[in-house]
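Each chain, written out:
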Amino acid sequence: MRTVWMAFVLSALAAGQSKDAAYEPLQKAYEQSRARQYDAAIANFERAAALAPKRAAIHKDLAYTLLKTGDTEAARDHFGEAMRLDASDFHVALEYAFLCYETRQRAEARRLFERIRDRGDVGSRATAARTFQSIDSALAEGIARWRRAVELSPNNFSAHQELARLAEERDDAKLAAAHYEAAWRLRPDLSELLLDVGRVWKALGRNEEAAAALLAASRGSQPRIAERAKALIPSRYPYVYEFRKALEIDPKNVELRRELAYLLLEMGKKDEAEQEFRGIVDAAPGDLLSTAQLGFLKLARKDLPGATPLLNRVLEQGDDELADRVRVALKLPQSLKSRKDAAPDSRGTEAKALADKSLKAGYMKDALKYLTVAHEADPMDFAVMLKLGHAYNQLKQDREAIKWFSLARKSSDPSISSEADHAWHNLRPAFAPFRTTVWMFPFYSSRWKDVFSYAQVKTEIKVGNLPLRPYLTTRFIGDTRQALDSSQLIVAPQYLSESSFIVGAGIATRTWRGVTGWFEAGEAIKYLGSRKDVGAMIPDYRGGLSYARGFGHLLAPSSHGLFAETNADGIYVSRFNRDMLLYSQNRAGYTLRSAENTGFHAQLYWNWNATLDRKGEYWANYIETGPGVKFRFQPLPPSVVFSVNAVRGNYLVREGNPRGPVFYDLRAGFWYAFTH
Amino acid sequence: MRSLIKTVLFAIVPVAATGATFSYHVVGEDKGAWPAILTSVGLTESPTGIASVFVVRGASPLSAAQWLERAGQGAFVVLEGDSPVARELGFVPSQTRVVVRGVEDVRTPKLEIVWEKAVELPVYTVPDGAKVFVRERWAKAPLMAGLRKGPGGVLWLAVSPGPQGHERFPYLIQALGDLGFEAPFRSAQLWAFFDGSYRSRADLDYLAERWRKAGIGTLHVAAWHYYDSTPEGDAYLKRLIEACHKQAILVYAWLELPHVSEKFWSDHPEWREKTALLQDAELDWRKLINLTNRDAFRTVAAGVKGLLGRFDWDGVNLAELYFESLEGYLNPARFTPMNPDTRAEFKAKQGYDPLELFDPNSPRHPSKDASGMRALLEYRADLARRWQTEWIGEMEAVRRGRPDMDLVLTHVDDRFDTRMRDLIGADAGRVLPLLAQHDFTFLIEDPATIWNLGPQRYPKIASAYDPLTPRKDKMAIDINIVERYQDVYPTKQQTGTELFQLVHLSSGAFPRVALYFENSILKDDLAFLPAAASTVTRLEQTGTKLAIDSKRGMGVPWTGPAKVDGRPWPVRDDKTVWVPAGPHAIEPAAKDGVARMLDFNGTLESAGTTAKGFEFAYRSSSRALAKLDRAPRTLEIDGSQQQPVFFDSTLVLPRGQHIVSLTF
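Residues numbered from 1 in each chain as written. Chains lettered and ligands numbered in written order. Predicted model: local features only at pLDDT ≥ 70, side-chain atom pairs only at ≥ 80, totals over all residues.

1. Digging into the overall build of chain B
Phase 1: The number of helices and strands found in chain B is 16 helices and 35 strands.
Phase 2: Along the three orthogonal principal directions, the C-alpha set of chain B runs to about 90 × 70 × 45 Å.
Phase 3: Taking all 664 residues of chain B together, 51% fall into the buried category.
Phase 4: Put simply, 72% of the contacts in chain B that link residues at least 6 apart link residues at least 24 apart. (Helix = DSSP H or I, 4+ residues; strand = E, 2+ residues; numbered from the N terminus. Buried ≥ 20, exposed ≤ 12 C-beta atoms within 10 Å, placed from the backbone. Contact = placed C-beta atoms within 7 Å.)

Shown next as structure tokens:
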């Protein structure tokens, strides 16, 4: 061995003088190999082999180094390569043959020993002959023993399989074929046997049958075997006659027959397709997909008596999705899937999964894309329709959203239909000619020791596609305490609210990116007879811009995580001395998980509020900050939201302020709104 | 404020004295299979987001630039599927789509990886400089790729790794390794089976070093190849044992009785076992001998004693001492034992030849009368137990002369898969009580029939044996890493994440884990095996101090002198500190003591440096081997002075529980 290395090093050195690209890695490899740094040596041998791929000696020395590391299979492959590059090196051929035997490539090993025995050099012939004899006689003994076992126990699957394996190792393809076939007949569920059958048929020259067996295996129910078979068949799509031949071999292969049926359907051969679907349904009555398809075909050719029992069976036994398809198809028959080398269900499933992720992550445009794919894959998936509605809704494309909610309302799944119905009802007012909204916000203020209440009833009128909506409105602004106790004040009683109903008419713009413009004109009618600071009815004009946006995980079902909200209102109010006020209310915090039992769902947050006005009134210029909690209960309508806020405020204007610059206030109340 | 929160939440663990990665964080609520994947190599979850491996499944709290910045600081960022961050980094889906079923891992392109459920995905483009790790088999569309960034990197997957974590990308952990990821902890207590019959030309020192690096502490060597003494065979085995001992690996004689040896089979056709078809029982590779025959038994017992006496074994493993086959009586061509002695014994008890039970025309055939076959199966299970008792007795006789030798009984599980008793005569319920009278380890082999079940089966198997014996410390599990006959996915043989999950869960459930077999473990798995076998239950890092708790003791990546629980610690090599089971605090020390123990294959109980050397307590069911950084001047075991015995530079210590004190 050492001599061989030296010789090769010398030759490599000589080659190096003529700029041998492999010289440098080879030199390193030999040095490292001598230093028992085998892993590094292997890497350099591999580099050298890549640079000089035709040099058998590199593969040979690489193989010997691999043997040092115990990597017998890799060593075998490199001896094999060295043998192919230099067929006259029978020593390498013997090494390869032995390693084939040791790594379970025994048929190849036996053939190699036989070849070397017959055609090798003098030194290798005797070894090869002895080894061939040893292998062959052991195989012969094994074959005899398992033949006897098969005779004694003819239905013994594993005996047939063992006998076939030994026969194949001994290159007795005929015997191997007979017993692989017998094993296949006993265990047709093992599509791996089809690969074995196909392989030995090919060895026997039965190429067409072999191709048919492999085609059947490639469409079998076991993905691993299908993948192996796919590597052995032509990459082109099979012809109908090839499908038919494969079915002759594997008549119970439902996947294969179904694919043929869909191929025929796509080719317009409906009669033949129907015949195949009939075959599937007869053999596998549980195959409801084929049952439904057969029903559709019969329906399409007006064979209602033939189609009805089939479709009824699907309606009774099929899952909701399939049953829904049948319901649709009872009006419009359609093919369930196209014949492509794709798993149509998986496409839709994957798209749905990606859509869910996108929805969860807030990537609404991506969600829309995936949902569209999912809808195309399965146009009758109501869950997808519902999600499309939500996606469009979140993208503020409510005109599209309402269409999808409307479709999803037709789902047979009550959870989908009720959710869709609810969403549809929420959106519908926006597109109705009249829309009445009622909201109220009563709350208690610890600072004023008073309960305030704000409320409005508003009926909007939709005028074509105009961006403006006129409306009629009645507001209520009042409180229970009515006025600060005058005995504590030097001045006249101070009223804490407007104590009025304000009836009027107004006009509002459509909301654009959270901004709405509005203006109202009306009369404020006081309900406190004792109040003397204003008349019983006074004109009231108010209007301005309103902005509201939420970010992150808002207080919505199943939402939890960080959130932020902002509301800004710039309002002109004639009653306040034609003042212009600006309110900014901001909250940021965390939406907690909804409790499963009680349905309690809360947000913890921090407030930052500011109020300013144009005229510099002390009561209209202050800032507030402090913690707050907002919560709701599942059994109550979703628009009932409770809130408690504790704020510390600072007045920004001292002039005319009878109170201190700092105030504290605890406010607790609830919001309720609905639209019809 | 928000960026401050991000900085705090997605910070990287400061690395103390090592480049290893200790914890992970999955961003978002749905963690998928990532905890199962990442804990399988010893990572612990960091709920705060202060970690070294981040998995981003949905919305990302950080931008691509921010993630890259963290990778540059040593973080590993895993991105799943299509997302704005992935797109920003250059992993962009095209309009073309591909149905993925067969995939190719570029590190092992010949390995057949098939997804059980095909998935249609977009064909992605990957950024320049990215290394594609996995691609679709036919269209070569990239499915997993990585970008290195300084000491860290970004790993992108086109789709989730699957519900259990191993369904789609077996070599996900190895891909992280290619990006620079190092597993946090090590165990060096694994057992492995070894058959040297086809590796006679391997460099045994090289193999032994590789095994030790892979966490193997004991090698069970196929001893039947050396039953008949030959100069070449004996020399090879002696070299193998020496090479192992030098690396602190114990070597056990693995016996597969009633297979004795090829030569014994050839020399004694009269003692060959028979199947129910009365053929010689040459089943697969095993050639079975009729050990019911007393002459055969005596001859084989003498031969085994000779085999054990000729070599410096540390233990013996009586494996699979029962009958064939997994097809039970339904396959008479494989049913044993039907030798004349057994049949005569059964006939003496029942009054008829058991062969009648296999004759379809006989009234005793089970299709007509089940009682006869039931009697035979009961007799067979009883016979297996008699054999096992008899051979344990023989081994104990050997042990009287070699008290340091360990004894292992490898026995197929029949509690989880209850059919084993009838199929092959294995009955753990009858064997386990023997632990009360005999000192041996009961190594449970999971039967081939359940090799397709997931890693969670090991804790279940462990709990099934709890009621059978109080000696839980003597229980071990044998994981068969071989091509499974079932229709399994994604690989026929366990490798990558699936293997790590198997090893990790079984290491948590059993005190000892054996792998069958050393050569079937694929090369790419070796680096992460010690991490998979580690059993850390708690980890806290405060500054340079590491507080850890483990079930069975382990190695912690560490460079430089260390203190453990405040004491200068002598058990460490240049990369690892070895600590016993339980909670411990490790911190840097100013300097080492006068000597160190670099490696130890017993169970370490405690240790500490002394003025002139160090001392430690241990227990071991066989001899224990300790590698020292220098030769000791004196050795004291349990208070009495002893003459040190060495294999090369490896100190040999006695079996049992001892306190050792060394001066230098």
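That shown, we press on.
2. Here we look at the environment of leucine 604 of chain B
Residue and element names in this part refer to chain B.
Phase 1: Along the polypeptide, leucine 604 turns up in strand E28 (residues 603-609).
Phase 2: On the basis of neighbour counts, which here come to 22 C-beta atoms within 10 Å, the residue leucine 604 falls in the buried class.
Phase 3: As for leucine 604 and threonine 342, which are separated by 262 residues in sequence, their C-alpha atoms are 47 Å apart.
Phase 4: Leaving out residues up to four positions away in the same chain, leucine 604 has contacts with Gly553, Val571, Trp578, Pro580, Phe616 and Tyr618.

3. Points about the interface of chain B and chain A
Interface size is commonly expressed as the accessible surface area that is lost when the partners come together.
Phase 1: With 31 residues of chain B at the contact, the number on the chain A side is 32 residues.
Phase 2: Element by element, the count of residues in the side of chain B that touches chain A is highest for strand E6 (residues 113-125) of chain B, at seven residues.
Phase 3: Its residues placed into classes, the side of chain B that touches chain A shows 15 nonpolar, six polar and 10 charged. (Nonpolar A, V, L, I, M, F, W, Y, C, P; charged D, E, K, R; others polar.)

4. So, unusual backbone geometry
Phase 1: A cis amide bond, omega 0°, links threonine 336 of chain B with the succeeding residue proline 337 of chain B.
Phase 2: Note that proline 337 of chain B resides in the loop between strand E15 (315-319) and helix H10 (340-350).
Phase 3: In this model, tyrosine 489 of chain B is joined to proline 490 of chain B through a cis peptide bond whose omega is 0°.
Phase 4: As for its placement among the helices and strands, proline 490 of chain B is situated in the loop between strand E18 (475-480) and helix H15 (497-509).
Phase 5: Positive phi is not limited to glycine here, since arginine 104 of chain A has a value of about 70°.
Phase 6: Note on placement: arginine 104 of chain A falls in the loop between helix H6 (90-102) and helix H7 (106-119).

5. Description of the sheet that holds strand E19 (residues 512-516) of chain B
Residue and element names in this part refer to chain B.
Phase 1: Here eight strands make up a closed barrel; going around it, the order is E10-E11-E12-E15-E16-E17-E18-E19 and the pairing parallel. Here the strands of the sheet are splayed against their neighbours by 25° on average, with no regard to which way each runs.
Phase 2: Relative to E18, strand E17 (residues 441-445) is paired through four bridges, and the arrangement is parallel. Looking at the pairing, isoleucine 444 lines up with isoleucine 477 of E18.
Phase 3: Relative to strand E16 (residues 406-412), helix H11 (residues 370-401) is tilted by about 165°, and along the sheet it contacts E15 and E16. (Pairing = 2+ DSSP bridges. Axes fitted to C-alpha atoms, helices over the stretch in contact; angles between N-to-C directions.)

6. Thoughts on the sheet that holds strand E3 (residues 53-56) of chain B
Note: strands within a sheet are paired through backbone hydrogen bonds, in either parallel or antiparallel orientation.
All names here are of chain B.
Phase 1: Across the sheet, which stays open at both edges, the nine strands sit in the order E2-E1-E3-E4-E9-E8-E7-E5-E6 with mixed pairing between neighbours. Edge strands, defined here as strands with exactly one partner in the open sheet, are strand E2 (44-45) and E6.
Phase 2: Sheet analysis places strand E5 (residues 92-105) next to E6, joined by eight bridges and oriented antiparallel. Pairing of valine 100 across the sheet is with valine 119, part of E6.
Phase 3: Across the face of the sheet, helix H3 (residues 64-72) comes into contact with strand E4 (76-80), strand E8 (142-149) and strand E9 (152-157) while running at roughly 130° to E9.

7. Observations regarding the pairing of strand E9 (residues 600-613) of chain A
Residue and element names in this part refer to chain A.
Phase 1: Direction of pairing for strand E8 (residues 579-591) relative to E9: antiparallel, over a ladder of 11 bridges. Looking at the pairing, arginine 587 lines up with asparagine 607 of E9.
Phase 2: Here E9 runs beside strand E10 (residues 622-633); their pairing, made up of 12 bridges, is antiparallel. Counted as the bridge partner of phenylalanine 600 is phenylalanine 633 from E10.

8. Concerning the confidence of the model for chain A
All names here are of chain A.
Phase 1: Mean pLDDT over chain A: 86, with 90% of residues reaching 70 or higher.
Phase 2: A low-confidence stretch, residues 1-8 (pLDDT under 50), is modelled with three contacts involving residues beyond four sequence positions or located in other chains.
Phase 3: The model gives residues 486-492 a pLDDT under 50, and that stretch makes four contacts with residues more than four places away or in other chains. (pLDDT = per-residue confidence, 0-100.)

9. Here we look at the packing of helix H8 (residues 122-152) of chain A against helix H9 (residues 157-169) of chain A
Residue and element names in this part refer to chain A.
Phase 1: The interhelical angle for the contact between H8 and H9, taken along N-to-C directions, is 155°, at an axis separation of 9 Å. For the element pair H8 / H9, the angle class is roughly antiparallel. Like other packed secondary-structure pairs, H8 and H9 cross with a definite hand, here left-handed. Where H8 abuts H9, its residues Leu139, Gly142, Ile143, Trp146, Arg147, Ala149 and Val150 lie against Ala159, His160, Glu162, Leu163, Leu166, Ala167 and Glu169. (Parallel < 35°, antiparallel > 145°, perpendicular 65-115°, else oblique. Left-handed = near helix turned anticlockwise from the far one by under 90°.)

10. So, the environment of valine 373 of chain A
Phase 1: Within the fold, valine 373 of chain A resides in helix H21 (residues 364-377).
Phase 2: In sequence terms valine 373 of chain A and alanine 355 of chain A are 18 residues apart; their C-alpha atoms lie 9.4 Å from each other.

11. Looking at the packing of helix H10 (residues 173-186) of chain A against helix H11 (residues 192-203) of chain A
Residue and element names in this part refer to chain A.
Phase 1: Two elements in contact, H10 and H11, have axes whose closest approach is 9 Å; the angle formed by their N-to-C orientations is 155°. Comparing the axis directions of H10 and H11 gives the class roughly antiparallel. Considering the relative orientation of H10 and H11, their crossing is left-handed. Together, Ala173, Ala176, Ala177, Tyr180, Glu181, Ala183 and Trp184 of H10 and Leu193, Leu194, Asp196, Val197, Val200, Trp201 and Ala203 of H11 make up the contact between the two elements.
Phase 2: Taken together, the residues of the contact of H10 with H11 sort by class into 12 nonpolar, no polar and two charged.

12. Describing the confidence of the model for chain B
All names here are of chain B.
Phase 1: Scored by pLDDT, chain B comes out at a mean of 93, with 97% of its residues at no less than 70.
Phase 2: The low-confidence segment residues 1-5 (pLDDT under 50) makes zero contacts with residues lying over four places distant or belonging to another chain.
Phase 3: For this predicted complex, the interface confidence reaches an ipTM of 0.92, while the overall pTM sits at 0.73.

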